[in-house]
Amino acid sequence: MRADFEWQLRVDDGFWSPYQKTPHFLLSREVFWLQGRHKIDARARVQGLPYTSDPEPATTWVVIDSVAPVVELNERGGIVTVDAKDMITPPRDLRVEWRYDHDGWQRAGAAPAQIELGDKDPALLSVRVIDQAGNVGSGDTINFHGTVPVQGGCNCHAAASPHGHTHEYAALVLLGA
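Residues numbered from 1 in each chain as written. Predicted model: local features only at pLDDT ≥ 70, side-chain atom pairs only at ≥ 80, totals over all residues. Heavy atoms only, no water.

**Let's talk about the overall build of the protein**
Tallying secondary structure elements over the protein gives one helix and eleven strands in all. Element order for the protein, N to C, with α for helix and β for strand: β-β-β-β-β-β-β-β-β-β-β-α. Looking at the protein residue by residue over its 177 residues, the buried ones come to 24%. Taking as baseline every contact in the protein between residues at least 6 positions apart, the subset at least 24 positions apart corresponds to 52%. As displayed, the protein offers around 12400 Å² of accessible surface, 56% of which is attributable to carbon and sulfur atoms. (Helix = DSSP H or I, 4+ residues; strand = E, 2+ residues; numbered from the N terminus. Buried < 20%, exposed > 50% of the residue type's maximum accessible area, 1.4 Å probe, protein only. Contact = heavy atoms within 4.5 Å. Areas by Shrake-Rupley, 256 points an atom, 1.4 Å probe, with all protein chains shown as cover.)

**A few points about the sheet that holds strand β10 (residues 136–139)**
Pairing within the open sheet is antiparallel, and its four strands lie in the order β7-β6-β9-β10. Edge positions in the sheet fall to β7 (106–109) and β10, since each has one partner strand and no second. Averaged over neighbouring strand pairs, the angle between their axes works out to 30 degrees when direction is ignored. As defined by bridge partners, strand β6 (residues 95–100) adjoins strand β9 (residues 125–130) across six bridges and the pair is classed as antiparallel. Bridged to E97 within β9 is R128. (Pairing = 2+ DSSP bridges. Axes fitted to C-alpha atoms, helices over the stretch in contact; angles between N-to-C directions.)

**A look at the pairing of β10**
On a regular strand, each side chain points to the face opposite its neighbour's, so the side chains alternate between the two faces of the sheet. Across the two faces of β10 the burial differs, with G137 and G139 buried and V136 and S138 not buried at all. Where β9 lies against β10, four bridges are found, and the strand directions are antiparallel. Paired with I130 across the two strands is V136, which belongs to β10. If you look at the hairpin formed by β9 and β10, you'll find five residues sitting between the two strands, and G134 has a positive phi there, around 95 degrees.

**Observations regarding the sheet that holds strand β1 (residues 5–11)**
Sheet architecture is open: three strands sit in the order β1-β2-β3, paired in antiparallel fashion. Both edges of this open sheet fall to β1 and β3 (58–64), since each of them pairs with a single strand only. Each strand of the sheet is rotated relative to its neighbour by a mean of 25 degrees, with strand direction disregarded. Relative to strand β2 (residues 36–46), β1 runs antiparallel, the two being bridged by seven bridges. Opposite R10, over in β2, you have D41 as the bridge partner.

**What about the environment of A58?**
Its location among the elements puts A58 in strand β3. Between the alpha carbons of A58 and L9 there is a distance of 9.3 Å; along the sequence they are 49 residues apart.

**A look at the nonpolar core**
Ranked by size, the top nonpolar core spans 15 residues in total, and within it V80, V82, V96, I115, L125, V127 and V129 carry the most contacts. Those elements that provide at least two residues to this core are β4 (70–76), β5 (79–85), β6, β8 (113–116) and β9. Setting aside its immediate chain neighbours within four residues, V129 contacts P69, V71, V82, A84, L94, R95, V96, N135, V136 and G137. (Core = buried A, V, L, I, M, F, W, Y, C linked by side-chain atoms within 4.5 Å.)

**Describing the confidence of the model for the protein**
Across the protein, pLDDT averages 79, with 77% of residues at or above 70. Note that pLDDT drops below 50 for residues 145–177; the model gives that stretch 16 contacts with residues more than four away or on any other chain. (pLDDT = per-residue confidence, 0-100.)

**What about unusual backbone geometry?**
A cis amide bond links A111 with the next residue in sequence, P112, at an omega value of -5 degrees. Looking at the element boundaries, P112 is found in the loop between β7 and β8. Positive phi outside glycine occurs at D13, with the angle close to 60 degrees. Structurally, the position occupied by D13 is in the loop between β1 and β2. For D13, a relative accessible area of 48% corresponds to the partly exposed category.

Here it is in structure tokens:
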């Protein structure tokens, strides 16, 4: 004789849903609006017999992650350091990849990662960081820090004010002054 079952579930150790006669659920909980890892428990019982609920629910985890990692690039002494942060994926699990011009992508490991420039033009370097959900963050602006010449600056050949007010001017522009 085959027993008819009914099922229920809960999300993130919250309240159990009412029992239903089908094992197929449409998960549209408000909690899924939050980025993060969510635990889903499901259990069954014989229909109409409350004391037959499974004491050990089946558990699975889902990841809600729709935001790409934030990538920061810094160059010092011919080495570009790739630092990345993600709301969900820890740095050790972020995948850092790089390429020059339009060559194939190379793996640099987890964040933070370092890429040796050698004699390559840093303007041709592309960097991307991929989180566990497949979201891709990219770094296209490298903060260069070269040797400091006698006249000041960082020897990166960036245009600067002859009066040394570059930062103040930029702040005024940003503030709308």
